[in-house]
Amino acid sequence: ISAQALRVDSFATGLRPLGVDVIRPNFRSETPVIVVVANSGQDSVSIFRVTNQNTNIGDPISDYRPELLTTVGGIPAPYAVASCINPSLSGNFGDRVLVTSPGDGSVTVVHLPDGAILGKVSVGPQPRAVGCFWDTLTSSYKGVVSNAGDDSLTVFDVSSLRLESAIPGVP
């Protein structure tokens, strides 16, 4: 067994980055990798496209470079991000990301890769962790958020921003 060298790179993003999600399409897909970073100290989210700069595809160590596509402002103290992945889409790639804002009890829905804000939903006090999944019964994305302020979970429809359920007693 041969060990590959571990490579750690860094790149500039906004102030006080907290949440990050890497949207990696299907391995054989031509769709680039997207990285979304919540910049809590800057009330923004940065969206990067990561591409391979190495033309020798067979080389074991590739040269990946992040390219800033956009910075989306106006998201109060973003904490966590979660991409919406639809397994039925080519490359398992979704076009939305959910961003929690604990200070105002909301989740912002951002379109990828352009960063357009599609809407905002109030979910509960101090939303922290967030997840997004494709609901095959309704053919729509659902967001699930843990609210640290009242130990609850909130489920909402991502397209309509309609709250569907609140589940109390989830510390």
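Parameters at a glance
- As a convention, each chain's residues are numbered from 1 in the sequence order in which they are written.
- Confidence filtering applies because this is a predicted model: local features only for residues at pLDDT of at least 70, side-chain atom pairs given and counted only at 80 or more, and all residues used for totals across whole chains, interfaces and linings.
- Excluded from the side-chain calculations are hydrogens and water; all other atoms, namely the structure's heavy atoms, are used.
- The secondary structure listing takes helices from DSSP runs of H or I that are at least 4 residues long and strands from runs of E that are at least 2 residues long, numbered from the N terminus.
- A contact between two residues is defined here by any heavy atoms of the two lying within 4.5 Å.
- For every accessible area listed, the method is Shrake-Rupley and the probe measures 1.4 Å; residues are considered covered only by the protein chains on display.
- Here's how the labels work: a residue is buried when its accessible area is under 20% of the maximum for its type, exposed when over 50%, partly exposed in between, all with a 1.4 Å probe on protein chains only.
- Strands qualify as paired when DSSP identifies two bridges or more between them.
- Note on geometry: axes are lines fitted to C-alpha atoms, helical ones only across the stretch in contact, with angles between N-to-C directions running from 0 to 180 degrees.
- The rule for a disulfide is simple: a pair of cysteine sulfur atoms within 2.5 Å.

## So, the overall build of the chain
For step 1, the next point in the chain: Tallying secondary structure elements over the chain gives zero helices and 12 strands in all.
For step 2, the next point in the chain: Secondary structure elements in the chain, listed N-terminal to C-terminal, are β-β-β-β-β-β-β-β-β-β-β-β.
For step 3, the next point in the chain: The long-range fraction of contacts in the chain, counting pairs at least 24 apart against all pairs at least 6 apart in sequence, stands at 40%.
For step 4, the next point in the chain: Accessible surface computed for the chain: about 9,300 Å², of which carbon and sulfur atoms make up 54%.

## Regarding the pairing of strand S7 (residues 106-111)
For step 1, the next point in the chain: In terms of residue burial, S7 counts as a mostly covered element, since five of its six residues are buried.
For step 2, the next point in the chain: Hairpin geometry of strand S6 (residues 96-101) and S7 is characterised by an intervening segment of four residues between the two adjacent antiparallel strands and by a positive phi of about 65° at Gly 105.
For step 3, the next point in the chain: Two strands pair when backbone bridges link them, and S7 and strand S8 (residues 117-122) are joined in this way by five bridges, in the antiparallel orientation. Across the sheet, Ser 106 pairs through a bridge with Ser 122, a residue of S8.
For step 4, the next point in the chain: Counting the residues that bridge the hairpin from S7 to S8 gives five residues, and of these Gly 115 lies at a positive phi of roughly 85°.

## Things to note about the sheet that holds S6
For step 1, the next point in the chain: Sheet architecture is open: four strands sit in the order S5-S6-S7-S8, paired in antiparallel fashion. A strand with exactly one partner marks an edge of an open sheet, and here the two such strands are strand S5 (81-84) and S8. The average angle at which neighbouring strand axes cross in this sheet is 20°, direction not considered.
For step 2, the next point in the chain: In terms of strand pairing, S6 meets S7 through six bridges, oriented antiparallel. In the strand pairing of S7, Arg 96 is matched with His 111.

## Digging into the state of the cysteines
For step 1, the next point in the chain: The final tally for this structure, using the stated rule, is one disulfide.
For step 2, the next point in the chain: The partner cysteine of Cys 84 in its disulfide is Cys 132, sulfur to sulfur 2.0 Å. In this structure, the disulfide formed by Cys 84 and Cys 132 twists by about 100° around the S-S bond and is classed as right-handed. Residue Cys 84 is located in strand S5, and its partner Cys 132 is located in strand S9 (residues 127-135); the two are separated by 48 residues in the primary sequence. We note that Cys 84, like Cys 132, is buried.

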